[in-house]
Amino acid sequence: MYSENTVYIVGEAKSPSNNPITEQYQVFFIGFVVDTLTDEILEAECSAILSLTARFVKEIFAGTSIQESERLVEIIQKRYHGSSQKAMIVALRNASLKYKQIKADM
């Protein structure tokens, strides 16, 4: 399904203590499949409780560039108003840093 030009990256962050994600997973995760030739996020999935959340998060990220993390932060702040918003931003930045290291090592 994925070409050899793709990588899988996971960003993680602490989620709020009153969040069901914390109770179930202890940490908030976002997994990204990224095309290393274009830096495009092909798929994204997060440690969400509701399937609607997982679908919405996927829709926010799919087709965007992981290299544009600050633009993605603005999109998250504008569109995602769940209790994990800050954790999502931290997880995105974490994944973006990992991706930059992967690209530097290529």
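Residues numbered from 1 in each chain as written. Predicted model: local features only at pLDDT ≥ 70, side-chain atom pairs only at ≥ 80, totals over all residues. Heavy atoms only, no water.

Participant: Explain the nonpolar core to me, using residue names and the numbers behind them.
Facilitator: The tendency in soluble globular proteins is for nonpolar side chains to be buried as a group. Core analysis: the biggest nonpolar cluster contains 28 residues, and I30, F32, V34, I41, F61 and M88 have the highest contact counts within it. Elements represented by at least two residues in this core include exactly β1 (6-13), β2 (28-35), β3 (41-46), α2 (51-61), α3 (69-79) and α4 (85-105). Considering every element that reaches this core, the biggest residue donor is α4, with seven residues. Setting aside chain neighbours within four positions, we find V34 in contact with N5, T6, V7, I9, D39, E40, I41, I66 and Y99. (Core = buried A, V, L, I, M, F, W, Y, C linked by side-chain atoms within 4.5 Å. Buried < 20%, exposed > 50% of the residue type's maximum accessible area, 1.4 Å probe, protein only. Helix = DSSP H or I, 4+ residues; strand = E, 2+ residues; numbered from the N terminus. Contact = heavy atoms within 4.5 Å.)

Participant: Explain the pairing of β2 to me, and be specific about the residues and the numbers.
Facilitator: For a regular strand, the rule is simple: side chains alternate between the two faces of the sheet. The buried count for β2 comes to seven of eight residues, which makes it a mostly enclosed element. Pairing analysis gives eight bridges linking β1 to β2, with the strands arranged antiparallel. Bridging across to β2, Y8 finds its partner in V33. Relative to β3, β2 is paired through five bridges, and the arrangement is antiparallel. When the bridges of β3 are listed, V33 appears paired with E43. Where β2 folds back on β3, the antiparallel hairpin that results is connected by five residues, among which D39 adopts a positive phi of roughly 65°. (Pairing = 2+ DSSP bridges.)

Participant: Give a description of a nonpolar patch on the surface that names residues and reports values.
Facilitator: A surface patch of nonpolar side chains, amounting to about 370 Å² of accessible area, comprises M1, Y2 and L42. Among the residues examined, Y2 registers a relative accessible area of 40% and is labelled partly exposed. (Patch = residues over 30% accessible without salt bridge, like charges linked within 9 Å, V, L, I, M, F, W, Y side chains within 5 Å. Areas by Shrake-Rupley, 256 points an atom, 1.4 Å probe, with all protein chains shown as cover. Salt bridge = Lys/Arg side-chain N within 4 Å of Asp/Glu carboxyl O.)

Participant: Could you give me a rundown of the pattern of salt bridges, with the residues and numbers involved?
Facilitator: According to the stated counting rule, one finds six salt bridges in the structure shown. The partner of E70 in a salt bridge is R93, and the shortest N-O contact between them spans 2.9 Å. One end of the pair, E70, is in helix α3; the other, R93, is in helix α4, and 23 residues separate them in sequence. For E70, a relative accessible area of 43% puts it in the partly exposed group.

Geometric values such as these leave the question of function open.
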